[in-house]
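Here is what each chain is made of, one letter per residue.
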Amino acid sequence: INHIVHNGGLYKRPFNEAFEETPMLVAVLTYVGYGVLTLFGYLRDFMRQWKIEKCQNATEREEQKDFVPLYQDFENFYNRNLYMRIRDSWNRPICSVPGAKVDMMERVSHDYNWTFTYTGRVIKDIINMGSYNYLGFAQKAGTCQEAAAKVLSQYGAGVCSTRQEMGNLDKHEELEKLVARFLGVESAMAYGMGFATNSMNIPALVGKGCLILSDELNHASLVLGARLSGATIRIFKHNNMQSLEKLLKDAIVHGQPRTRRPWKKILILVEGIYSMEGSIVRLPEVIALKKKYKSYLYLDEAHSIGALGPSGRGVVEYFGLSPEDVDVMMGTFTKSFGAAGGYIGGKKELIDYLRTYSHSAAYATSMSPPVVEQIITSVKCIMGEDGTTVGEARVQQLAENTRYFRRRLKEMGFIIYGNEDSPVVPLMLYMPAKIGAFGREMLKRNIGVVVVGFPATPIIESRARFCLSAAHTKEMLDTALKEINEVGDLLQLKYSRRRLVPLLDRPFDETTYEETED
């Protein structure tokens, strides 16, 4: 049963987001599979120790045997004995533009994925279902590429300085004014790396004596930024507003640990689209809670900017909300805009403060001019300021592709996570052996997919993740769906029983408190 939320008039549109329960037999078999692999892993480690099997992994030197071991955690055991078996499913080298189709360099391994050898052959025209090329701006011809090439000949490739010294170009100023206008905020600042936009700016906004409330599935860049800030961190259940409100109430009632003083600031960290779940943040409810409890909101729109909303302005426009209700609007240029870098938008006072105190602004080299021009041209295209309707058509095409692809996969009987409007489409695989098998079988059929397992997901929730693009034609999607259906039958992946458990109605349990204290 699909769950449609209106929630007391907060939502101006149906919010259809559902997660199907894992079948009990599949969960049991997944645990059994990991158990068998773990037993064989210990057996192989024993054989390597006694030189029965050749040891190819990093080991302690004999001279260091009395030191504390460098390799003793579970993840190293996992990498050595589980990940290595299916390593060929990752880090595949492509040798073309990552558009709707890509060319891939063929490689083989003769030692069970410890090393790879290139054959010299190129696999042509693989349908690309893995790149974050939401609006199809990753292309080698067109207005964006012509403009970037022109700027490259005028400005060169690099700036060789920070923004605060000799690296502030007129193009950077133009980009920031354009981004502020696009977002509907007073001011904006651009950064050369999306990951660093989060990890280096959150410490400038909060510190000791502040409280961060973070969604449990937030991206690693948000997690790192929160940890570097020195603020106290508390985690709320994914997209669960009861869990978030409980933390806000407790924070205001009890204050800081031991002293009971009020928190200096309370900052809520959320993402627009969660890149592993395909879910969309319940932004109207988050904003209502933020206003009720007088806290601040930091919204990461890395995957949602350009991909959601009637004119591609992200999750704020998708819900028909005002940008003024979001204190810090962050996003990246690496996905929908086919470029690199990130931005932060908000009030002029906030941006002026970050220009002075942000580590990314003070110490990082300025953005490359051709990259800046790629962003400027693509944003103008989306806004319709290039005199065409190409940008609007791309946004609409992505929305159509998303709904069509998700509906067809559900009809086939696969378990699909996330919101019906999210271009990130996770297809659940569960069992460890099926992670590698799915990636290999799809590549045999000229479909490039991303498969994801632990530690990027919970250990029993392995999945394939499809990222849709406006550049995908219906013929491409139909070809991909036909092959997915065939591989699904071959690997017996059609687990769906149509018993969908909405995320909001999952049993609520006590939130784990993770605090960093002096």
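Keep in mind that what you see is a predicted model, and the values were worked out from it rather than measured.

A few points about the sheet that holds strand β14 (residues 447-448)
An order of β4-β5-β14 is seen for the three strands of this open sheet, with the pairing classed as mixed. The open sheet terminates on both sides in strands that have one partner only, identified here as β4 (101-108) and β14. Direction of pairing for β4 relative to strand β5 (residues 117-128): antiparallel, over a ladder of six bridges. Residue pairing for β5: Arg-107 is matched across the bridge by Tyr-118.

A few points about the confidence of the model for the chain
Looking at the chain as a whole, the pLDDT averages 91, with 93% of positions reaching at least 70. Segment residues 1-6 is flagged for pLDDT under 50; beyond a separation of four residues in sequence, or across chains, it makes 22 contacts in the model. In this model, residues 499-518 is a region of pLDDT below 50 whose contacts with residues beyond four sequence positions or in other chains number 56 contacts.

A few points about the pattern of salt bridges
Scanning the entire structure with this criterion turns up 32 salt bridges. Across the pair Lys-380 and Glu-174 runs a salt bridge whose closest N-O atoms are separated by 3.4 Å. Taken together, the residues span a long stretch of sequence, with Lys-380 in helix α12 (residues 369-383) and Glu-174 in helix α4 (residues 170-183) at a distance of 206 residues. Residue classification places Lys-380 among the partly exposed residues on the basis of a relative accessible area of 30%. With its nearest N and O atoms 2.5 Å apart, the salt bridge here joins Glu-385 to Arg-181. Separated by 204 residues along the polypeptide, Glu-385 in the loop between α12 and α13 (390-412) and Arg-181 in helix α4 bring together distant segments of the chain. Taking the relative accessible area as the measure of exposure, Glu-385 reaches 40% and is therefore partly exposed. A residue is classified by how much of its surface remains accessible, and Arg-181, at 46% relative accessible area, is partly exposed. Residues joined in a network through salt bridges with shared partners are Glu-441, Lys-444, Arg-445, Lys-482, Glu-483 and Glu-486.

Regarding the nonpolar core
Core analysis: the largest hydrophobic core is formed by 106 residues, its most contacted members being Met-129, Phe-405, Leu-409, Phe-438 and Phe-466. Taken domain by domain, this core gets at least three of its residues from each of domain 1 (19-128 + 389-496) and domain 2 (143-383). Residues in contact with Met-129, not counting those within four places in the same chain, are Phe-405, Ile-447, Gly-448, Val-449, Arg-465, Phe-466, Cys-467, Leu-468, His-472, Leu-477 and Ala-480. Counting residues in each nonpolar core, the second largest holds 23 residues, with Ile-233, Leu-269, Leu-350 and Ile-351 among its members.

Structural notes on the domain arrangement of the chain
Reports of interface size often rely on the accessible area that becomes lost once the parts have come together. Under the domain assignment used here, the chain contains domain 1 (19-128 + 389-496) and domain 2 (143-383). If you average the C-alpha positions of domain 1 and of domain 2, the two centres end up 29 Å apart. If you look at the interface, domain 1 gives 20 residues, while domain 2 gives 18 residues. Taken over both partners, the interface formed by domain 1 and domain 2 buries close to 1,400 Å², and the fraction arising from carbon and sulfur atoms is 61%.

What about empty space enclosed by the protein?
The final tally for this structure, using the stated rule, is two cavities of 30 Å³ or more. Size it by volume and the largest cavity reaches roughly 100 Å³. Lining of the largest cavity is provided by 14 residues; of these, Arg-163, Ala-190, Tyr-191, Gly-192 and Ser-366 occupy positions nearest its centre. Contributions of two or more residues to the lining of the largest cavity are made by α4, β6 (187-191) and α11 (359-363). Among the residues forming the lining of the largest cavity, the class breakdown is seven nonpolar, five polar and two charged. Within this model, the second largest cavity holds a volume of roughly 40 Å³. As for the second largest cavity, its lining consists of Gly-99, Ala-100, Asn-128, Gly-130, Ser-131, Asn-133, Cys-467, Ser-469, Ala-471 and His-472. Taken together, the residues of the lining of the second largest cavity sort by class into three nonpolar, seven polar and no charged.

Here's the deal with unusual backbone geometry
The residue after Phe-454, namely Pro-455, is reached through a cis peptide bond having omega 5°. Topologically, Pro-455 is positioned in the loop between β15 (450-452) and β16 (462-467). Although it is not a glycine, Arg-258 adopts a positive phi angle of roughly 70°. Examined against the element boundaries, Arg-258 turns out to sit in the loop between α7 (241-254) and β9 (266-271). Exposure remark for Arg-258: the relative accessible area of 65% places this residue in the exposed category. At Asn-446, a position not held by glycine, the phi torsion is positive, near 65°. Relative to the elements of secondary structure, Asn-446 occurs in the loop between α14 (432-444) and β14. Look at Asn-446 and you get partly exposed, because its relative accessible area is 27%.

Each value, and the rule that gives it
- Residues numbered from 1 in each chain as written.
- Predicted model: local features only at pLDDT ≥ 70, side-chain atom pairs only at ≥ 80, totals over all residues.
- Heavy atoms only, no water.
- Pairing = 2+ DSSP bridges.
- Helix = DSSP H or I, 4+ residues; strand = E, 2+ residues; numbered from the N terminus.
- pLDDT = per-residue confidence, 0-100.
- Contact = heavy atoms within 4.5 Å.
- Salt bridge = Lys/Arg side-chain N within 4 Å of Asp/Glu carboxyl O.
- Buried < 20%, exposed > 50% of the residue type's maximum accessible area, 1.4 Å probe, protein only.
- Core = buried A, V, L, I, M, F, W, Y, C linked by side-chain atoms within 4.5 Å.
- Domains from an automatic or database assignment.
- Buried area = accessible area lost by both parts, 1.4 Å probe.
- 1 Å grid on protein atoms, 1.4 Å probe; cavity = no way out; pocket = protein on both sides within 12 Å on 5 of 7 lines; lining within 4 Å.
- Points joined across faces, edges and corners; volume = space filled by probe spheres on them.
- Nonpolar A, V, L, I, M, F, W, Y, C, P; charged D, E, K, R; others polar.

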